[in-house]
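Each chain is listed here by its residues.
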Amino acid sequence: MGTRDRILDAAEQAIHEFGIAGATTKRIAQRASCSEALLYKHFANKEELFLAVLLERMPALGPALTKLRLGVGQGDLRADLVEFTGTAVEFYTRAAAVAGGVLGDPPLMAGFRSMLAKNDLGPHLPIQALAEILRAERQAGRIEAGIDPGAAASLLMGACFHRANLAHFVDLPDDDATWAATVVDTLFRR
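Here goes a summary of the coordinates provided. (Residues numbered from 1 in each chain as written. Predicted model: local features only at pLDDT ≥ 70, side-chain atom pairs only at ≥ 80, totals over all residues. Heavy atoms only, no water.)

Let's shift gears to the nonpolar core. Counting residues in each nonpolar core, the largest one holds 58 residues, and the members touching the most others are I28, F84 and L130. When residues in this core are grouped by element, the largest group, 11 residues, is from helix α6 (residues 77-103). In contact with I28, other than residues within four places in its own chain, are I7, A10, A11, A14, A23, L39, L49 and F50. (Core = buried A, V, L, I, M, F, W, Y, C linked by side-chain atoms within 4.5 Å. Buried < 20%, exposed > 50% of the residue type's maximum accessible area, 1.4 Å probe, protein only. Helix = DSSP H or I, 4+ residues; strand = E, 2+ residues; numbered from the N terminus. Contact = heavy atoms within 4.5 Å.)

Pasting the structure below:
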């Protein structure tokens, strides 16, 4: 494993163990068996390191969206959407430690927002990508013509985000797979 990967693993562990505020560069460097200076050789700042953890170490939405995009007009759309929904819940569940910590630290949030804007990244992009996929599926006749793809994508992703956050506070009655199937069936009834 290379130094950059060790640093990312150490940062992810520190975030989950100590939260964003407690995931200091000193702790991360110690866990990665390197100097703090070496952290900055691989990452310009702490925000960039946390963004890399979020983008590279969390269950990725990108491959799940690509799978949906490649399957437009073919296969079992319901099963594919249920699988994607489960991936989105898993992503938001694991990303909560990073996102919550960033939201709770205004200077870190300002740096994070600036970096997202500069790199044309952000939490709105998976919703836009899903909306494009749903639009293509609607054009293929696999989703009801009256469904608004943007609204459906926002509702689905919002529901996933909400479930992931609730799961941190309470035990939810249904398992994620059952819940995902129910949500997809509710949104995309034919």
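So, on to the packing of helix α5 (residues 61-70) against α6. The contact between α5 and α6 brings their axes to 10 Å, and the two run at 170°. When the axes of α5 and α6 are compared, the pair comes out roughly antiparallel. Two secondary-structure elements touch here, α5 through L61, A64, L65, K67 and L68 and α6 through D80, L81, E83, F84, T87, A88 and F91. Looking at the contact of α5 with α6, its residues break down into eight nonpolar, one polar and three charged. (Axes fitted to C-alpha atoms, helices over the stretch in contact; angles between N-to-C directions. Parallel < 35°, antiparallel > 145°, perpendicular 65-115°, else oblique. Nonpolar A, V, L, I, M, F, W, Y, C, P; charged D, E, K, R; others polar.)

Helix length check: helix α7 (residues 106-118), at 13 residues, gives a terminal C-alpha distance of 18 Å against a target of 18 Å (1.5 Å per residue), a fit within 8%. Listed as buried for α7 are L108, F112, M115 and L116. Angular distribution of buried residues about the axis of α7 spans 100°; they occupy a single face of the element. When the buried face of α7 is taken as reference, the exposed residues oriented beyond 90 degrees from it are P106, P107, R113, A117 and K118. Along its buried surface, α7 packs onto α1 (3-22), α4 (46-57) and α6. At the C-terminal side of α7, D120 shows a positive phi close to 55°. (Expected span 1.5 Å × (residues − 1). Arc of directions from axis to C-beta.)

Tallied over the full model, the rule gives two aromatic pairs. When the ring of F91 is compared with that of Y92, the centres are 5.4 Å apart and the planes differ by 65°; the resulting orientation is edge-to-face. Each of the two residues, F91 as well as Y92, counts as buried. When the ring of Y92 is compared with that of F161, the centres are 5.3 Å apart and the planes differ by 90°; the resulting orientation is edge-to-face. (Phe/Tyr/Trp six-rings, centres within 6.5 Å; stacked < 30°, edge-to-face > 60°.)

A few words now on the pattern of salt bridges. Taken as a whole and assessed by the stated rule, the structure comprises six salt bridges. Of the charged contacts, one joins D185 and R78 as a salt bridge, the two residues approaching to 2.6 Å between their closest N and O atoms. Of this pair, D185 sits in helix α10 (residues 176-187) while R78 is found in helix α6, placing the two residues 107 residues apart along the sequence. Using a relative accessible area of 33% as the deciding quantity, one classes D185 as partly exposed. For D176, the salt bridge is made with R163, and the minimal N-O distance between the two is 2.8 Å. Here D176, found in helix α10, pairs with R163, found in helix α9 (residues 149-166); they are 13 residues apart in sequence, far enough to count as distant. (Salt bridge = Lys/Arg side-chain N within 4 Å of Asp/Glu carboxyl O.)

Let's shift gears to unusual backbone geometry. With phi around 55°, S33 is a residue other than glycine that occupies positive phi space. As for its placement among the helices and strands, S33 is situated in the loop between α2 (25-32) and α3 (36-42). We note that D120 has phi near 55°; this positive angle belongs to a residue other than glycine.

Further remarks concern α1. The terminal C-alpha atoms of α1, which comprises 20 residues, lie only 21 Å apart, well short of the 28 Å expected from a rise of 1.5 Å per residue. Of all the bends in α1, the largest measures some 90° and sits at H16. Close packing links the buried residues of α1 with α2, α3, α4, α6 and α7. (Bend = angle between axes of the 7 residues up to and from the residue.)

Moving on to the side chain of T85. Within the secondary structure, T85 sits in helix α6. Taking relative accessible area as the criterion, T85 reaches 0% and is therefore assigned buried. Within polar-contact distance, the side chain of T85 engages the backbone oxygen of L81 at 2.7 Å. (Polar contact = N/O pair within 3.5 Å; in protein donor to acceptor, adjacent residues only side chain to side chain.)

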